[in-house]
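Secondary and tertiary structure notes
Each chain, letter by letter, is given below.
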Amino acid sequence: MLNILIEKTKNPKKKPDENNLGFGQYFTDHMFLMDYSTEKGWHNPRIVPYSILSFEPSIMVFHYGQAVFEGLKAYRTKDNRILLFRPEKNMERLNLSSQRLCIPEIDVNVAVNAIKALVNIDRDWVPAKEGTSLYIRPFIIATDPYLGVKPSDTYKFIIILSPVGAYYPEGINPVKIYVETKYVRAVRGGVGYAKTPGNYSASLMAQLEAKKKGYTQVLWLDGIEKKYIEEVGTMNVFFKINNEIITPPLEGTILPGITRESVIELLKRWGIKVSERRISIEEVYECNKRGLLEEAFGTGTAAVISPIGELNWNENKIKINGGNSGELSKKLYETLTGIQYGKLPDEFGWTIEVK
Ligand code: COI
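Each chain carries its own residue numbering, running from 1 in the written order of its sequence. Local features in this predicted model are restricted to residues whose pLDDT is 70 or higher, and side-chain atom pairs enter the listing and the counts only when it is 80 or higher, whereas totals over whole chains, interfaces and linings include all residues. The basis for every side-chain value is the complete set of heavy atoms in the structure, and neither hydrogens nor water enter the calculation.

Concerning the side chain of K73
Labels follow the DSSP assignment, with helices taken as runs of H or I lasting at least four residues and strands as runs of E lasting at least two, numbered in each case from the N terminus. Tracing the backbone shows K73 in strand β5 (residues 72–76). For the exposure calls, accessible area comes from a 1.4 Å probe over protein chains only, and a residue counts as buried if that area is under 20% of its type's maximum, exposed if over 50%, partly exposed in between. For the purpose of counting charges, residues Lys and Arg are taken to be positive, whereas Asp and Glu are taken to be negative. His and the chain ends are not included. Definition used for salt bridges: Asp or Glu carboxyl oxygen within 4 Å of a side-chain nitrogen of Lys or Arg. The charged side chain of K73 is buried without a salt bridge, its nearest counter-charge being E130 at 12 Å. Under this definition, polar contacts are N or O atom pairs within 3.5 Å; protein pairs additionally need one hydrogen-donor-capable and one acceptor-capable atom, and for neighbouring residues in sequence, both atoms have to be side-chain atoms. In terms of polar contacts, K73 uses its side chain to reach the backbone carbonyl oxygen of T301, at 2.8 Å. Of the polar contacts made by the side chain of K73, one reaches the backbone oxygen of A302; its length is 3.5 Å.

This is how it looks when you write it as structure tokens:
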């Protein structure tokens with residue numbers, strides 16, 4: 001059992017207006033911390049008031065980016081229970097990312113218990129308004145004050161919480177996506193599958209350029225031929241073509257999304273044909289020409305299910321489903337959020353109550 005030391009805040013903060021949460025701009029009263037050293041392993045788990053952390057400017061994460069993170073949510077049900085959605089999956093993925101970044105793994109039970117304990121202390125911060133939730137951001141940083149390039153000997157595991165609304169300003173309305181042909185996100189053998197900050201900072205330039213052209217996000221193509229579709233950086237992608245649902249396979253370059261996995265399980269349960277296979281951007285455009293491209297949507301914890309209404313590939317623009325949300329995207333959104341918010345029976349055993 002994890003013995004977490006708890007120091008409660010003496011100055012609880014004023015909670016933000018639930019109508020204007022945005023994404024990731026407010027933080028709760030407490031945070032979780034745990035330290036790692038070679039001698040002691042992971043030790044000293046504690047929940048303390050959310051506050052500024054101070055570090056030497058020489059710590060390794062600042063210089064070489066040895067860090068990993070996760071994103072999951074806590075949901076408030078109508079009867080005021082607080083639910084987590086498959087948190088063990090996120091902690092397994094944290095370990096997968098850690099392996100790649102040479103960071104010591106954390107026992108999944110220990111990490112999930114840390115999340116539950118922290119969310120429980122800040123449970124009043126889980127917003128109630130439709131479409132809102134408490135975003136949970138666990139992360140690990142390398143803390144050796146040292147400038148040589150090697151894995152750090154010390155780390156901090158930190159969890160912070162943020163009440164959030166929709167990630168995209170579009171909400172559940174379709175997003176416009178720019179197909180990126182200049183920059184690439186990942187190559188096989190790289191760190192594309194790991195949730196590590198470098199993947200996100202490397203995507204900023206493309207995102208900025210796409211924004212200038214009026215697009216919400218970019219769709220990444222494979223790093224070698226710039227031919228096969230990969231992901232959207234904040235979401236995995238799915239295409240509905242001629243009644244088949246197609247999503248790129250996990251070959252080491254895209255994030256193994258937990259929403260992605262859940263959507264695949266739901267589709268299979270519904271008896272819908274779903275294929276994890278390579279799909280080229282040419283195929284998508286060709287199918288659209290032949291009237292076979294029915295829907296496209298992204299999946300992610302932050303983005304939930306986000307219909308894609310428009311693609312722009314080399315200034316060749318296509319509208320998908322007339323730029324509207326498709327039936328399947330809507331059904332997936334309703335089902336997934338229905339389970340997450342405890343409105344629908346959880347036949348898969350995906351949710352865990354925090355109490
Ligand atoms: C998430 O979906 O949780 C993410 O981490 C995406 C983004 C906010 C970085």
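Alright, that's what it looks like, and here's the rest.
Regarding the pairing of strand β14 (residues 293–300)
Burial runs high along β14: seven of the eight residues are buried. DSSP-based pairing: two strands are paired if at least 2 bridges between them are found. Summarising the sheet, β14 and strand β15 (residues 304–313) pair through four bridges and their orientation is antiparallel. Bridging from a neighbouring strand, T299 pairs with I305 of β15. Between the end of β14 and the start of β15, which pair antiparallel, lie three residues.

Considerations on the domain arrangement of the chain
Where each domain begins and ends is defined by an automated method or by a domain database. Taken domain by domain, the chain comprises domain 1 (5–165) and domain 2 (175–340). Between the C-alpha centres of domain 1 and domain 2 there is a distance of 27 Å. As used here, buried area is the combined drop in accessible area, with a 1.4 Å probe, of two parts when they are placed together. Across the domain 1/domain 2 interface, buried area totals approximately 1,900 Å², and carbon plus sulfur atoms make up 60% of it. When the area that domain 1 buries against domain 2 is broken down by residue, the three leading residues are F69, R93 and R100, summing to 33%. At the surface where domain 1 touches domain 2, the tally comes to three salt bridges. Note that E265 and R86 form a salt bridge whose closest N and O atoms lie 3.4 Å from each other. The interface formed by domain 1 and domain 2 holds 13 residue pairs in polar contact (both at pLDDT 80 or more) in total. For the side of domain 1 that touches domain 2, the secondary structure elements donating two or more residues are β4 (67–69), β5, β6 (82–85) and α2 (87–100). Among the elements that line the side of domain 1 that touches domain 2, the one with the most residues is α2, at six residues. When its residues are assigned to classes, the side of domain 1 that touches domain 2 shows 11 nonpolar, four polar and six charged. Each residue is assigned to one class: nonpolar for Ala, Val, Leu, Ile, Met, Phe, Trp, Tyr, Cys and Pro, charged for Asp, Glu, Lys and Arg, and polar for all the others, Gly among them.

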